[in-house]
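Each chain, written out:
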Amino acid sequence: MSSSNEYLEYMLEQLSDLDEISYRAMMGEYIIYYRGKIIGGIYDGRFLIKPVKSAMAMMPEANMEFPYEGAKEMLLVDDVDDREFLKELLEAMYEELPAPRKKRK
């Protein structure tokens with residue numbers, strides 16, 4: 001099942017307090033970027049983020065879920081209605097996220 005455009009628009013609105021939020025559509029789902037780094041994505045109508053230490057500390061009860069078959073587990077963000085929490089979460093995660101890969105020529 002792919003994610004709806006409506007859910008994408010809702011999540012972009014929830015994250016709009018942050019600068020440089022972008023996304024890329026990928027096989028019916030959406031990869032979410034914060035300041036050029038992948039933080040997670042929208043998969044089957046769920047907002048999943050990379051399980052970095054800061055995110056796990058801020059959401060100790062969060063479920064780990066697979067975004068799709070064959071992928072690594074990610075943290076499920078249940079409280080997508082709390083804009084302030086989402087902002088704090090992504091800001092805390094940023095330094096732990098890997099730098100974007102250089103594109104091959």
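Definitions and limits used
Residues numbered from 1 in each chain as written. Predicted model: local features only at pLDDT ≥ 70, side-chain atom pairs only at ≥ 80, totals over all residues. Heavy atoms only, no water. Salt bridge = Lys/Arg side-chain N within 4 Å of Asp/Glu carboxyl O. Helix = DSSP H or I, 4+ residues; strand = E, 2+ residues; numbered from the N terminus. Buried < 20%, exposed > 50% of the residue type's maximum accessible area, 1.4 Å probe, protein only. Phe/Tyr/Trp six-rings, centres within 6.5 Å; stacked < 30°, edge-to-face > 60°. Lys NZ or Arg CZ within 6 Å of the ring centre and 35° of its normal.

1. Overview of the pattern of salt bridges
Item 1. The final tally for this structure, using the stated rule, is four salt bridges.
Item 2. The partner of R83 in a salt bridge is E13, and the shortest N-O contact between them spans 3.1 Å. Of the two residues, R83 sits in helix α3 (residues 83-94) while E13 sits in helix α1 (residues 5-14), which places them 70 residues apart along the sequence.
Item 3. The class for E13 is partly exposed, based on a relative accessible area of 44%.
Item 4. Across the pair R83 and D17 runs a salt bridge, and its minimum N-O distance is 3.0 Å. In this pair, R83 sits in helix α3 while D17 sits in the loop between α1 and β1 (21-26), placing the two residues 66 residues apart along the sequence.

2. Comments concerning the packing of aromatic side chains
Item 1. Across all of its chains, the model carries four aromatic pairs by this definition.
Item 2. Centroid distance Y7 to Y10: 6.5 Å. Interplanar angle 35 degrees. Geometry classified as tilted. Linking Y7 with Y10, this pair stays in helix α1, spanning three residues, or about one helical turn.
Item 3. Residue classification places Y7 among the buried positions, given a relative accessible area of 18%.
Item 4. We classify Y10 as partly exposed; its relative accessible area is 32%.
Item 5. A ring pair is formed by Y23 and Y30, whose centres lie 5.9 Å apart and whose planes are at 75 degrees; its orientation type is edge-to-face.
Item 6. A cation over an aromatic ring shows up here: R35 above the ring of Y34, its NZ or CZ 5.6 Å from the ring centre.
Item 7. The positively charged end of K37 is found above the aromatic ring belonging to Y94, 4.2 Å away from the centroid.

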